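Below are the chains, spelled out letter by letter.
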Number of protein chains: 2
Amino acid sequence: MSHPHPELGPPPALPEGALRIVALGGLGEIGRNMAVFEYDGRLLIVDCGVLFPDLEQPGVDLILPDFEYIRDRLDDIEAVVLTHGHEDHIGAVPYLLRERRDIPIAGSRLTLALIEAKLTEHRIQPVKREVVEGERHSFGPFDCEFLAVNHSIPDALAVAIRTPAGIVLHTGDFRMDQLPSDGRLTDLGGFARLGAEGVDLLMSDSTNAEVPGFVTSEREIGPVIDEVIRTAENRVIVASFASHIHRVQQVMDSAAKHGRKVALVGRSMVRNMGVARELGYLRVSPNLIVDSRDIEDLPPRDVVLICTGSQGEPMAALSRMANRDHSIRIAEGDTVLLASSLVPGNETAVNKVINGLSRWGARVVHKGNAKVHVSGHAAAGELLYVLNMTRPSNFMPVHGEWRHLRAHAKLAALTGVPEDHIVIAEDGVVVDLVDGRARIVGAVPAGYVYVDGTSVGDITDFALKDRRILGEEGFVSIVIVIDTATGKLAAPPEIHARGSGIDATGFEEVLPQVERALQENAADGVVDIQQARRVVRRTVGRWVSDSYRRRPMIIPVVVEV
Amino acid sequence: MSHPHPELGPPPALPEGALRIVALGGLGEIGRNMAVFEYDGRLLIVDCGVLFPDLEQPGVDLILPDFEYIRDRLDDIEAVVLTHGHEDHIGAVPYLLRERRDIPIAGSRLTLALIEAKLTEHRIQPVKREVVEGERHSFGPFDCEFLAVNHSIPDALAVAIRTPAGIVLHTGDFRMDQLPSDGRLTDLGGFARLGAEGVDLLMSDSTNAEVPGFVTSEREIGPVIDEVIRTAENRVIVASFASHIHRVQQVMDSAAKHGRKVALVGRSMVRNMGVARELGYLRVSPNLIVDSRDIEDLPPRDVVLICTGSQGEPMAALSRMANRDHSIRIAEGDTVLLASSLVPGNETAVNKVINGLSRWGARVVHKGNAKVHVSGHAAAGELLYVLNMTRPSNFMPVHGEWRHLRAHAKLAALTGVPEDHIVIAEDGVVVDLVDGRARIVGAVPAGYVYVDGTSVGDITDFALKDRRILGEEGFVSIVIVIDTATGKLAAPPEIHARGSGIDATGFEEVLPQVERALQENAADGVVDIQQARRVVRRTVGRWVSDSYRRRPMIIPVVVEV
């Protein structure tokens, strides 16, 4: 990612008594949230999540924060504090623990259970520190107080970090639902108490800072979902996040009420709901759940499927149903319920899924045509409450794209935080809290680290640029065989092309040009290999550009025999 | 595009006295609108537009309707009727006229002027038939009555096509603005008159059929834009469609009022506004316009730029500004106004543009945070008026993706059109109007025809599939040189890879495996070329899959010397 602070160099040494904050993810993007706090040579990490790739990162599975900044200092890490169990907050933990297995992982009961289930797949047994809201725990010099926040997953926490440099309140992700289904409110009273004590820096969730007003209560969603399930003619297929336990609970309650069985589809959905049920966060009536392989035996009107894929992920069950590439064949009378928000960047993919499902005759209910989802993030009107309650000396908007960070900064200014005490930083920007004042002092690398197949970091931005060119224009490869004994061409050049739209007729036109150009550049018939590559690239490049106005990747291959 | 009516075969011969309707574009998609009407062996075409590619068609410039269905019958075409001057209705005309230059082009004055300006670039002089609302024109057996409709471009028309088979009313694109800025209303009275006479088939714009209620009047936009321009600190950059004359008029009026100069940026914007100004559709005060190259000489607060790129098109000026890849460098204090709707499929691209602009400090005003655009298409509440006024015997929703067509069909059913008189067709589906009843009778090919660079139709779905694989996984190419004299390998195999994330270390691992596999499969050392390709593909494919869990394109290249 290019840098809006291009003038920033490496940070100076951290002054004594100061706190340093470096976000390695989550600033200028929605995802891979990770903030590194440093005091007196020790480090505390808040969250360690993944970012899901968009169309600019073709073929990539996941994007991690770049651990380079902390790689030489793994032993200085006191703990990783996880605010809640969403992938964009915990997903990169396995990759961090590969570098040092015994970093203590602190979090609430559910959060720890979810990360533990995930780590089992990576064959890692974490060192856990379970925390509860209201408690204070010390991790080296970091005295952490945990506060309850309401979010779209149970058991989410904010954390107030006390060091001699001051109090930093990091909200994590939160919303302000005043009638939450589990009764667990965001601890605004706790925020006020900290405000009275003096919050030196507030780091607050910016995801919905552009959305005016207030987020509807989760409680209003239940009746809408119930009505959809009650009136559905045949199968109901609900797509949601694999971690949205409250929403799955609502769907299960409705299904039970209307005499339908529920099947969970998708590995992460099955795993997470297993964890939630075991810990008592999800209550499932007896005989409600059936195996997804058995649903074909039930009448369509007795079935509710709960699956992932609400973001249009191409390999998820829902996309495959939309493309008729799944054993569940969508038919007239089926109802599909997208009970989720739309993560920015996924609109196009989700639109395709809705169209695919509509084509086969499904009724598609989504947040555009029914109140079947509320956001998990506080909107502008609610963010003002937090700003007014905590009255921070300094403010740093976190968790959001640039548009969200700027909108949140504006809200802070409206509540009276002086503009020069508001720090808009992006990933890698180093912020020091010195003598009660937060300032940008430098920057460290915080680029994307790509997970592709089994490899981490092998795929570079360079390879992705190649993929983009190949994906838009294809390639033309020209093979030249040179006889090492004579230095001459051992055979006529050969040409191969894929994805370029250039066919055999074109090849017949250009090959003689290539051969002629090679001969013209050969002294006494001896072909210079480096020059041959240049000649081939130039000759073919010009020809493609003139004849087709295209720019495929041109790859000269020289073989010596 | 796959087919939801897979059972449909070629249509039977058209019965005498019947009308046949085949949409070659615009059904199941937003764009490349084109409907072919056939009566008594003669053809009438309504609209002939392009579709803009999305991310599933990498590298493609434009998508045309497939003219195959009419290619052998070009001489039967009486005329192409253009309902209005938007690209998705006129953009494919140059490509159709390449096949037969003298097809008469009928349309309103502005529409003809816009297509003529476009055809000049293609060096084609069209045969024009100018029409005016209220007039009736015969094109062979097709008696066409034109009716005014209001849309986001002036001079738009609906067309009622009378043949002995009945009356078909095709609305074109329209909205129902009851206080339009140019006073030109959609002719609902005309629709009612036709309804009284008996509309046998209504084909009506479905774009906004999912949007409940009514579209705000264009009149309410002006004051909002005026306020944005009045209060802007520095430059104002307005992005709009290159054909949105009303919107450009509003921006110019505001600029003039607040003492700012206006520069038009982008070839299509300059061309279309030139046409509109010449014909009197755009009124420009003297000395208002400056050349975009001269704006750097003016104080930022005296400038309004009007450019294209409101859909996030990567090569348009606005995207390049967001990426700092444009001579206009966005800075703190600049205001960017996205005065346009969001065409489905472009959400992700537009989000990226907004973030890029925000990062550099611009205030971005868009339909998400201010009322700066209204849709050009009637919403559900307004579509009901048209259905109730025309009371059609048969209904066929047009211009929309599946979700829109289905929503519009549901509206028709609510107004009393019998379900079995509602025809949901997609591109290529053949609908016959026989004895007052519209029925699906078959299907013809209506796939995508890709324009890429200078070529039309060279890029196939096959090449695009190659591009997608190359774009997601890159490729690995292995060159084998065989000595024709001996049938043996003339040199060790060579390997090249791009975009695959596999490096030299990997190559060293697999090359000996390839050589070994080739030797093992060679009888007496003689390598069979076909088999060599298979062996290479299998050996390398397995190795990549096992070592990296990836699936790059694997290309064996065999050269004989």
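Residues numbered from 1 in each chain as written. Chains lettered and ligands numbered in written order. Predicted model: local features only at pLDDT ≥ 70, side-chain atom pairs only at ≥ 80, totals over all residues. Heavy atoms only, no water.

Chain A has the name Ribonuclease J in an unreviewed UniProt entry, where Streptosporangium becharense is given as its organism. UniProt, in its Subunit (unreviewed entry) section for chain A, records the words "Homodimer, may be a subunit of the RNA degradosome." Here is the UniProt Sequence similarities (unreviewed entry) comment for chain A, exactly as written: "Belongs to the metallo-beta-lactamase superfamily. RNA-metabolizing metallo-beta-lactamase-like family. Bacterial RNase J subfamily." (UniProt positions renumbered as here; feature names shortened; annotations may be inferred.)

> Help me understand the overall build of chain A in this model?
The helix and strand tally for chain A stands at 15 helices and 26 strands. Principal-axis analysis of the C-alpha atoms places the extent of chain A at approximately 90 × 70 × 45 Å. Residue burial in chain A is summarised as follows: out of 561 residues, 61% are buried. In chain A, 72% of the contacts between residues at least 6 apart in sequence involve partners at least 24 apart. When the accessible surface of chain A is summed, it comes to about 21500 Å², and 49% of that surface belongs to carbon and sulfur atoms. (Helix = DSSP H or I, 4+ residues; strand = E, 2+ residues; numbered from the N terminus. Buried < 20%, exposed > 50% of the residue type's maximum accessible area, 1.4 Å probe, protein only. Contact = heavy atoms within 4.5 Å. Areas by Shrake-Rupley, 256 points an atom, 1.4 Å probe, with all protein chains shown as cover.)

> What is the right way to look at the sheet that holds strand S1 (residues 19-25) of chain B in this model?
Residues and elements named next belong to chain B. An order of S7-S6-S5-S3-S2-S1-S19-S20 is seen for the eight strands of this open sheet, with the pairing classed as mixed. The open sheet has two free edges, formed respectively by strand S7 (127-130) and strand S20 (437-443), since each of these has just one partner strand. Each adjacent strand pair in this sheet contributes to an overall mean axis angle of 25°, direction not counted. Bridge count for strand S19 (residues 429-434) against S20 is six bridges, and the pairing is antiparallel. Pairing of Val429 across the sheet is with Ala443, part of S20. (Pairing = 2+ DSSP bridges. Axes fitted to C-alpha atoms, helices over the stretch in contact; angles between N-to-C directions.)

> What exactly am I supposed to notice about the UniProt feature "binding site: Ca(2+)" (unreviewed entry) in chain A here?
All names here are of chain A. The positions UniProt marks with the feature "binding site: Ca(2+)" (unreviewed entry) are Gly59, Asp61 and Asp452. The annotated residues occupy 394 residues of the chain but converge on a single region, no pair of C-alpha atoms lying more than 7.2 Å apart. For Asp61, the location among the structural elements is in the loop between strand S3 (42-46) and strand S4 (62-64). Contact partners of Asp61, with chain neighbours within four places excluded, come to Pro53, Val451, Asp452 and Gly453. Inspection of the secondary structure assignment puts Asp452 in strand S21 (residues 449-452).

> Is there a simple way to think about the packing of helix H5 (residues 188-197) of chain A against helix H11 (residues 380-390) of chain A in this case?
When two helices pack together, their arrangement is given by the angle between the helix axes and by the axis-to-axis distance. All names here are of chain A. The interhelical angle for the contact between H5 and H11, taken along N-to-C directions, is 35°, at an axis separation of 7 Å. Along the contact surface, H5 presents Leu188, Phe191, Ala192 and Gly195, while H11 presents Tyr385, Val386, Met389 and Thr390. Looking at the contact of H5 with H11 residue by residue, the classes come out as six nonpolar, two polar and no charged. (Nonpolar A, V, L, I, M, F, W, Y, C, P; charged D, E, K, R; others polar.)

> Can you help me understand the pattern of salt bridges in this one?
If charged atoms from side chains of opposite charge come close, those side chains can pair. This structure, assessed with the given rule, holds 64 salt bridges over all chains. With a shortest N-O distance of 3.7 Å, A:Arg437 and A:Asp420 are connected by a salt bridge. A residue pair is termed long-range when its members are at least 10 positions apart, and A:Arg437 in strand S20 (residues 437-443) and A:Asp420 in the loop between helix H12 (402-414) and strand S19 (429-434) qualify at 17 residues. Salt-bridge contacts for B:Glu116 lead to B:Lys128; the nearest nitrogen and oxygen are separated by 2.8 Å. Of the two residues, B:Glu116 is situated in helix H4 (residues 109-121) and B:Lys128 in strand S7; the sequence distance between them amounts to twelve residues. The partly exposed category is assigned to B:Glu116, whose relative accessible area is 21%. Salt bridges here are not isolated pairs; linked through shared partners, they connect A:Glu38, A:Arg42, A:Arg73, A:Asp76 and A:Glu78. (Salt bridge = Lys/Arg side-chain N within 4 Å of Asp/Glu carboxyl O.)

> So what exactly am I meant to see when it comes to the side chain of A:Asp177 here?
Residues and elements named next belong to chain A. When you line up the elements, Asp177 lands in the loop between strand S11 (166-170) and H5. No salt bridge forms around the buried Asp177; measuring N to O, its nearest opposite-charge neighbour Arg175 is 4.6 Å away. Of note is the side chain of Asp177, whose polar atom sits 2.9 Å from the backbone nitrogen of Leu179. Looking at Asp177, its side chain comes within polar contact range of the side chain of Ser217, at 2.8 Å. Dropping the residues within four chain positions of it, Asp177 is found in contact with Asn150, Leu185, Ser217, Glu218 and Arg219. (Lys, Arg positive; Asp, Glu negative; His and termini not counted. Polar contact = N/O pair within 3.5 Å; in protein donor to acceptor, adjacent residues only side chain to side chain.)

> Is there a simple way to think about helix H15 (residues 529-548) of chain A in this case?
Residues lying three or four places apart along an α-helix face the same way, a consequence of the helix completing one turn every 3.6 residues. Taking 1.5 Å per residue, 20 residues should reach 28 Å; H15(A) reaches 28 Å between its end C-alpha atoms and fits that length. Within H15(A), the full set of buried residues consists of A:Ala532, A:Val535, A:Val536, A:Thr539, A:Val540, A:Trp543, A:Val544 and A:Tyr548. One side of H15(A) holds all its buried residues, which, seen down the axis, span an arc of 145°. The exposed set on the far side of H15(A), more than 90 degrees from its buried face, consists of A:Arg534, A:Arg542 and A:Asp546. Looking at the buried positions of H15(A), the neighbouring elements they touch are strand S23 (475-483), helix H14 (504-520) and strand S26 (553-560) of chain A together with strand S21 (449-452) of chain B. Of the residues that open H15(A), the one with a side-chain oxygen 3.4 Å from the backbone nitrogen of A:Gln530 is A:Asp528. Directly beyond the C-terminal end of H15(A), a positive phi value near 50° is found at A:Arg549. (Expected span 1.5 Å × (residues − 1). Arc of directions from axis to C-beta.)

> Please clarify how the confidence of the model for chain A should be interpreted in this entry.
Close inspection of predicted coordinates is inappropriate in any region flagged by low pLDDT. The pLDDT averaged across chain A works out to 92; a share of 99% of its residues lies at or above 70. Confidence estimates for the predicted assembly give a pTM of 0.85 and an ipTM of 0.78. (pLDDT = per-residue confidence, 0-100.)

> Where do I start with the nonpolar core in this structure?
The tendency in soluble globular proteins is for nonpolar side chains to be buried side by side. The biggest cluster of nonpolar side chains holds 71 residues, and the ones touching the most others in it are B:Ile70, B:Leu96, B:Met252, B:Val304 and B:Ile306. There are two domains that each give this core at least three residues, and those are domain 1 (20-213 + 375-447) and domain 2 (218-365) of chain B. If we skip the residues at most four places from it in the chain, B:Ile70 touches B:Met34, B:Val36, B:Leu43, B:Ile45, B:Ile77 and B:Leu96. Judged by nonpolar contacts, the second largest core, of 70 residues, contains A:Val22, A:Val80, A:Ala117 and A:Val228. (Core = buried A, V, L, I, M, F, W, Y, C linked by side-chain atoms within 4.5 Å. Domains from an automatic or database assignment.)

> I would appreciate a short explanation of the interface of chain A and chain B in the present structure.
When the parts come together, some accessible area is lost, and that loss is often what is quoted as the size of the interface. Taken together, the contact between chain A and chain B spans 66 residues of the former and 66 residues of the latter. In total, about 5600 Å² of surface goes out of reach between chain A and chain B, with carbon and sulfur atoms giving 52% of it. Three residues, A:Arg359, A:Arg403 and A:Arg498, lead the burial of chain A against chain B; their summed loss comes to 13% of the area buried on that side. Scanning the region where chain A abuts chain B turns up eight salt bridges. We note a salt bridge from A:Glu426 to B:Arg359, for which the minimum N-O separation is 2.9 Å. Across the contact surface, chain A and chain B share 35 residue pairs in polar contact (both at pLDDT 80 or more). Residue assignment for the side of chain A that touches chain B shows that the elements contributing at least two residues are helix H10 (347-359), H12, helix H13 (461-473), S23, strand S25 (494-498), H15 and S26 of chain A. Considering each element in turn, the side of chain A that touches chain B owes the most residues, eight residues, to H10(A). Within the side of chain A that touches chain B, the residues separate by chemical class into 23 nonpolar, 21 polar and 22 charged. (Buried area = accessible area lost by both parts, 1.4 Å probe.)

> Please explain the relation of the copies chain A and chain B as it appears in this structure.
Related by rotation about an axis and a shift along that axis, the two copies of the chain form a pair. Least-squares fitting of chain A to chain B yields an RMSD of 0.1 Å, with the transformation described by 0.1 Å of translation along the axis and a rotation of 180°. Seen this way, the second copy is the image of the first under a two-fold rotation axis. In terms of proximity to the rotation axis, the leading residue of chain A is A:Gly471, whose C-alpha is 1.8 Å off the axis. Comparing contact sets, 100% of the residues at the interface of chain A also lie at the interface in chain B, consistent with an isologous, same-surface contact. (Least-squares fit on C-alpha atoms with pLDDT ≥ 70 in both.)

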